[in-house]
Amino acid sequence: FKIIIEGFLIAVFTILSYYMGLKVNSSCAKTCVFLTLCSARLFHGFNCRGEKSIFSEKIKNKAMYISFVLGMVMLNIVIFVPKLHSVFKIWPLSNEQILYAYIYSLVPTVLIQLGLLIKEKYMRMRTK
């Protein structure tokens, strides 16, 4: 059930990103989806690390941080280096489109983490 909910959230915000890009053309829409989905999967790694919210427990796994940063750096190189656009079939996005794509990719993780935080507080209340 948890996997279905998390996948659904990522899918909804990826589709929103697609429609944002579709206002320009289909190539822009595909690039928006690429950016949103790739970054959403990187953010989602924080959801997969345990049952406690990252808002209530510090992440001690340095490899997780390193892999997240490296993934984001590589993704941004593909998005911001024009010579790579033809290799990856990337449409040059506006700053606004990039910002929205990142917001769309972050929202599912924030919602999932808030859900974990609420669940933690509920469980603490039940045990008292």
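Relevant structure appears above.
If you're wondering where the values come from, they're calculated on a predicted model, not measured in any experiment.

## Concerning the overall build of the chain
Along the backbone of the chain there are five helices and zero strands. When the helices and strands of the chain are placed in sequence order, the string is α-α-α-α-α. Seen through its principal axes, the chain has C-alpha atoms that stretch 60 × 30 × 25 Å. Summarising the internal contacts of the chain: among those between residues at least 6 apart in sequence, 74% fall at separations of at least 24. A total accessible area of about 8400 Å² is found for the chain, and carbon and sulfur atoms account for 71% of it. When the 16 positive and 5 negative side-chain charges of the chain are each reduced to one mean point, those points stand 3 Å apart.

## Things to note about the side chain of Gln97
Tracing the chain through its elements places Gln97 in helix H5 (residues 95-127). In contact with Gln97, not counting residues within four places along its chain, are Met20, Val24, Cys28 and Cys32.

## Thoughts on unusual backbone geometry
Positive phi values are uncommon outside glycine, yet Lys89 reaches one of about 55°. Topologically, Lys89 is positioned in the loop between helix H4 (82-88) and H5.

## Some remarks on the nonpolar core
Of all hydrophobic cores here, the largest spans 20 residues; its most connected members are Leu35, Ile79, Leu93, Ile98 and Tyr102. Contributing elements (two or more residues each) for this core: helix H1 (2-22), helix H2 (26-44), helix H3 (62-80) and H5. A total of six residues in this core trace back to one element, the largest contributor, which is H3. Residues within four places of Ile79 in sequence aside, it is in contact with Thr31, Phe34, Leu35, His85, Ile90 and Ile98.

## Considering the side chain of Thr31
Residue position: Thr31 is located in helix H2. A residue is classified by how much of its surface remains accessible, and Thr31, at 2% relative accessible area, is buried. In this structure the side chain of Thr31 is engaged in a polar contact, spanning 3.1 Å, whose partner is the backbone oxygen of Ser27. Engagement of the side chain of Thr31 in a polar contact is seen with the backbone nitrogen of Trp91, the distance being 2.8 Å. Those residues in contact with Thr31 that lie beyond four places of it in its chain are Ile79, Lys89, Ile90, Trp91 and Leu93.

Conventions used here
Residues numbered from 1 in each chain as written. Predicted model: local features only at pLDDT ≥ 70, side-chain atom pairs only at ≥ 80, totals over all residues. Heavy atoms only, no water. Helix = DSSP H or I, 4+ residues; strand = E, 2+ residues; numbered from the N terminus. Contact = heavy atoms within 4.5 Å. Areas by Shrake-Rupley, 256 points an atom, 1.4 Å probe, with all protein chains shown as cover. Lys, Arg positive; Asp, Glu negative; His and termini not counted. Charge placed at Lys NZ, Arg CZ, Asp CG, Glu CD. Core = buried A, V, L, I, M, F, W, Y, C linked by side-chain atoms within 4.5 Å. Buried < 20%, exposed > 50% of the residue type's maximum accessible area, 1.4 Å probe, protein only. Polar contact = N/O pair within 3.5 Å; in protein donor to acceptor, adjacent residues only side chain to side chain.

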